[in-house]
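Chain by chain, the residues:
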Amino acid sequence: GAGVSQSPSNKVTEKGKDVELRCDPISGHTALYWYRQRLGQGLEFLIYFQGNSAPDKSGLPSDRFSAERTGESVSTLTIQRTQQEDSAVYLCASSQGLHTGELFFGEGSRLTVL
Amino acid sequence: SQQGEEDPQALSIQEGENATMNCSYKTSINNLQWYRQNSGRGLVHLILIRSNEREKHSGRLRVTLDTSKKSSSLLITASRAADTASYFCATAGVSGNTPLVFGKGTRLSVIA
């Protein structure tokens, strides 16, 4: 696609429910990243994919968080048993190279856990 | 951690004035990048400066890098109301094995 696409753009859920956030990277970008941004804060790194592989999952906040990527394109970030502290904007980015080049960001998925 | 730290946290200026934001980091880098984020939107890449470069220009943007002080500055000249946004620096590690690490950002308000 022309840019990184994320869905949903907004999600309101009740505490304890599971949510899935989706990211469609720019076609041909092998690297894909997920970041979390709490209100008025910087970006917190969660996980990255090189192709379909996620070499480093240490940034995921807890075992309630998981992510996968299929076909070197779409990625989903799943949060199980959501908590209020999960409320944030989840940003996805992709790049051609790994770690050193420019990142192209989506518009984010704003998650509100009531 | 090589997290960039921007300074100031917030900056308010009049249209036409110059805005300067600073970024400090902790460990050696491959490059440093500046991004802009409009309220409620994703981040947009502005400029990338490599560790062997000292200054770079792009339109009204001027970025400097001082690796001996582990710091960078972003200057926006002749600011406009449309420049109102948050600006983040991000560092790429010299090993190339770690993702970009972002600072907490500077919120710039340009008053018309």
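First, a word on scope: everything that follows refers to the structure included in this document.

This brings us to the interface of chain A and chain B. Buried accessible area, meaning the area lost when the parts come together, often serves as the stated size of an interface. With 20 residues of chain A in contact, the opposing surface of chain B contributes 22 residues. Taken together, the connections running from chain A to chain B amount to 1 salt bridge. In this structure, the connection of chain A to chain B is made through 5 residue pairs in polar contact (both at pLDDT 80 or more). Of all the secondary-structure elements, those providing two or more residues to the side of chain A that touches chain B are strand S4 (31-37) and strand S5 (43-50) of chain A. Of the residues that constitute the side of chain A that touches chain B, the class distribution is 9 nonpolar, 8 polar and 3 charged.

The next point concerns the packing of aromatic side chains. Inspection of the entire model under this criterion finds 9 aromatic pairs over all chains. Ring centres of Phe-105 of chain A and Tyr-35 of chain B lie 5.8 Å apart, and the angle between their planes is 85°; this geometry places the pair in the edge-to-face category. Pair noted here: Phe-105 of chain A is in strand S9 (residues 104-105) and Tyr-35 of chain B is in strand S4 (residues 29-37), and the two residues belong to different chains. For the residue pair Phe-105 of chain A and Tyr-35 of chain B, the accessibility class agrees, reading buried in each case. Ring geometry for Tyr-35 of chain B and Phe-102 of chain B: centres 5.4 Å apart, planes at 55°, overall tilted. In this pair, Tyr-35 of chain B sits in strand S4 while Phe-102 of chain B sits in strand S10 (residues 101-102), placing the two residues 67 residues apart along the sequence. A relative accessible area of 2% places Phe-102 of chain B in the buried class. Here the aromatic residues Tyr-33, Tyr-35, Phe-45, Tyr-48 and Phe-105 of chain A together with Tyr-35 and Phe-102 of chain B are joined through ring pairs into a cluster of three or more.

Glancing now at the environment of Gly-71 of chain A. Residue and element names in this part refer to chain A. The topology assignment puts Gly-71 in the loop between strand S6 (65-69) and strand S7 (75-79). Taking the relative accessible area as the measure of exposure, Gly-71 reaches 62% and is therefore exposed. Taking the C-alpha atoms as reference, Gly-71 lies 26 Å from Lys-11; in sequence the two are 60 residues apart.

Residue and element names in this part refer to chain B. Burial analysis of S4 places 8 of its 9 residues in the buried class, the great majority of the element. Sheet topology note: the S4/strand S9 (residues 85-93) ladder contains 8 bridges and is antiparallel. Bridge pairing links Tyr-35 to Phe-88 in S9. Between S4 and strand S5 (residues 43-50), which pair antiparallel and follow one another directly, the connecting turn spans 5 residues, one of which, Gly-40, has a positive phi of 75°.

Here we come to the environment of Ile-47 of chain A. All names here are of chain A. Mapped onto the fold, Ile-47 is located in strand S5. With a relative accessible area of 0%, Ile-47 lands in the buried category. When the C-alpha positions of Ile-47 and Ala-67 are compared, they lie 7.9 Å apart, and in sequence the two are 20 residues distant. When residues no more than four places from it in sequence are discounted, the contact partners of Ile-47 are Leu-32, Tyr-33, Trp-34, Ala-54, Asp-56, Lys-57, Leu-60 and Ala-67.

On to the layout of surface pockets, then. The space that makes up the largest pocket amounts to roughly 690 Å³. Every residue lining the largest pocket is counted, 31 residues in all, and those nearest its centre are Gln-37, Leu-39, Gly-40 and Gln-41 of chain A together with Gln-37 of chain B. Broken down by secondary-structure element, the contributors of at least two residues to the lining of the largest pocket are strand S8 (88-95) and strand S10 (109-113) of chain A together with strand S1 (5-7), S9 and strand S11 (106-111) of chain B. Of the residues in the lining of the largest pocket, the class split is 7 nonpolar, 16 polar and 8 charged.

Cut-offs and rules
Residues numbered from 1 in each chain as written. Chains lettered and ligands numbered in written order. Predicted model: local features only at pLDDT ≥ 70, side-chain atom pairs only at ≥ 80, totals over all residues. Heavy atoms only, no water. Contact = heavy atoms within 4.5 Å. Salt bridge = Lys/Arg side-chain N within 4 Å of Asp/Glu carboxyl O. Polar contact = N/O pair within 3.5 Å; in protein donor to acceptor, adjacent residues only side chain to side chain. Helix = DSSP H or I, 4+ residues; strand = E, 2+ residues; numbered from the N terminus. Nonpolar A, V, L, I, M, F, W, Y, C, P; charged D, E, K, R; others polar. Phe/Tyr/Trp six-rings, centres within 6.5 Å; stacked < 30°, edge-to-face > 60°. Buried < 20%, exposed > 50% of the residue type's maximum accessible area, 1.4 Å probe, protein only. Pairing = 2+ DSSP bridges. 1 Å grid on protein atoms, 1.4 Å probe; cavity = no way out; pocket = protein on both sides within 12 Å on 5 of 7 lines; lining within 4 Å. Points joined across faces, edges and corners; volume = space filled by probe spheres on them.

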